[in-house]
Amino acid sequence: MRDLSEYIYSCNNYQAVKYLLVTNQKVQQYKNIAVSVSGGSDSDIMIDMFTKCDPDRKVKYVFFDTGLEYQATKNHLEYLEEKYNIKIQRERAIKSIPKACKDHGQPFMSKHVSEMMSRLQRHNFKWEDKPFEVLYKEYPRCKSALQWWCNEYGENSSFNIKRHKLLKEFIVQVPPTFPISNKCCQYAKKDLGRRFNIENKIDLNVVGVRKSEGGVRATRYKSCFDLKPEGWDEYRPLFFFLDKDKEEYKEYFNVRYSDCYEVWGMKRTGCAGCPYGKNFEEELELMRRYEPKLFKAANNIFKDSYAYTREYWKFRETVEQER
């Protein structure tokens, strides 16, 4: 492709050149490719990369509508469609975030923490600080969650509760009084994505996961590509991109992010007001200023989680000061 060659030979960013070449190879190799579009900065760069490598427009772009989205994101999707002359397919959540939180519980801290706490709650766990062997006898059908609670996954494992400073000590003193769950992610994104891939016979699924972001999600992967047993492979074109690589790519190829970045000043986006974000207070303030209706909705949906998180932060600060 002539245009791609021009980009490659004129661009000085090693990561951009390398993964443009890899992306071009994937486009030629696979028949049914789905690129997950979130409206965030990573997916913006992925769209730019794939449209440079897809002159026949065979790639499908899909946005999973969680039921709690920024209007700025919705506006940005329309901008992307016009700029790149593509169609971004909107898929409604199997169960929206507000509905999932009402039915199953609210997210707290992270997906992994929420999953482990949810499992313990289902077994009526008393949030006791006892050795694993003792607790396992009391709750024999909750092994993995108890291993998380008792830090049994190895000294420096990110799967232990101690990854979050003083979280266990806080929960022991202030047990949660509301149901906790990560089902909002499952119904609004994970299960929805699986269903989309099956219905559209996707053979390559493209997602914006970066190693440098850390977290349990990123640590699951060792490279930018995986062969998957579900029936489709997975490609992560930005897996080895650092923040500086993204910035260089953005400037060189004149990529414009959504107003959440360009106007509001956000560093990253996800589900609106999600309690997983360590900076959700700043995000809520921006929502209050720019999208007050969404601000009100988020505070209703995640009310208990926000309050519990703030209590945890206060507890941690107090203990550290005392020490």
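Structural notes, computed from the coordinates. (Residues numbered from 1 in each chain as written. Predicted model: local features only at pLDDT ≥ 70, side-chain atom pairs only at ≥ 80, totals over all residues. Heavy atoms only, no water.)

Take the pairing of strand 3 (residues 88-92) next. Remember that side chains alternate between the two faces of the sheet whenever the strand is regular. Of the pairings in the sheet, the one linking strand 2 (residues 60-65) to strand 3 comprises five bridges and is parallel in character. Directly across from Asp65, in strand 3, lies its bridge partner Arg92. Remark: the strand 2/helix 4 (residues 71-84)/strand 3 crossover connection has right-handed handedness. (Pairing = 2+ DSSP bridges. Helix = DSSP H or I, 4+ residues; strand = E, 2+ residues; numbered from the N terminus. Right-handed = clockwise from strand over helix to strand, strands pointing away.)

Our next topic: the nonpolar core. Ile33, Phe50, Tyr61, Tyr70 and Ile97 are the most contacted members of the largest nonpolar core, which totals 65 residues. Among the elements that make up this core, the one with the highest residue count is helix 3 (residues 41-53) (six residues). Dropping the residues within four chain positions of it, Ile97 is found in contact with Thr66, Leu68, Cys184, Ala188, Cys271, Ile301 and Phe302. (Core = buried A, V, L, I, M, F, W, Y, C linked by side-chain atoms within 4.5 Å. Buried < 20%, exposed > 50% of the residue type's maximum accessible area, 1.4 Å probe, protein only. Contact = heavy atoms within 4.5 Å.)

The residue Arg57 is not glycine, and still its phi comes out positive at about 55°. In this fold, Arg57 is placed in the loop between helix 3 and strand 2. Assessed through its relative accessible area of 39%, Arg57 is described here as partly exposed. At Asn151, a residue that is not glycine, the phi angle is positive and equals roughly 60°. Within the secondary structure, Asn151 sits in the loop between helix 8 (143-149) and helix 9 (167-173). By relative accessible area, Asn151 is classed as partly exposed at 25%.

Per the stated rule, a full pass over the model turns up 21 salt bridges. Linked by salt bridges that have partners in common, Asp42, Arg210, Asp243 and Lys246 make up one network. (Salt bridge = Lys/Arg side-chain N within 4 Å of Asp/Glu carboxyl O.)

Our focus in this paragraph is a positive patch on the surface. On the surface, Lys111, Lys189, Lys190 and Arg220 cluster together into a patch of positive charge. With respect to the element layout, Lys190 can be found in helix 10 (residues 183-199). For Lys190, a relative accessible area of 56% puts it in the exposed group. (Patch = residues over 30% accessible without salt bridge, like charges linked within 9 Å, V, L, I, M, F, W, Y side chains within 5 Å. Areas by Shrake-Rupley, 256 points an atom, 1.4 Å probe, with all protein chains shown as cover. Lys, Arg positive; Asp, Glu negative; His and termini not counted. Charge placed at Lys NZ, Arg CZ, Asp CG, Glu CD.)

Shape descriptors only; they carry no functional weight alone.
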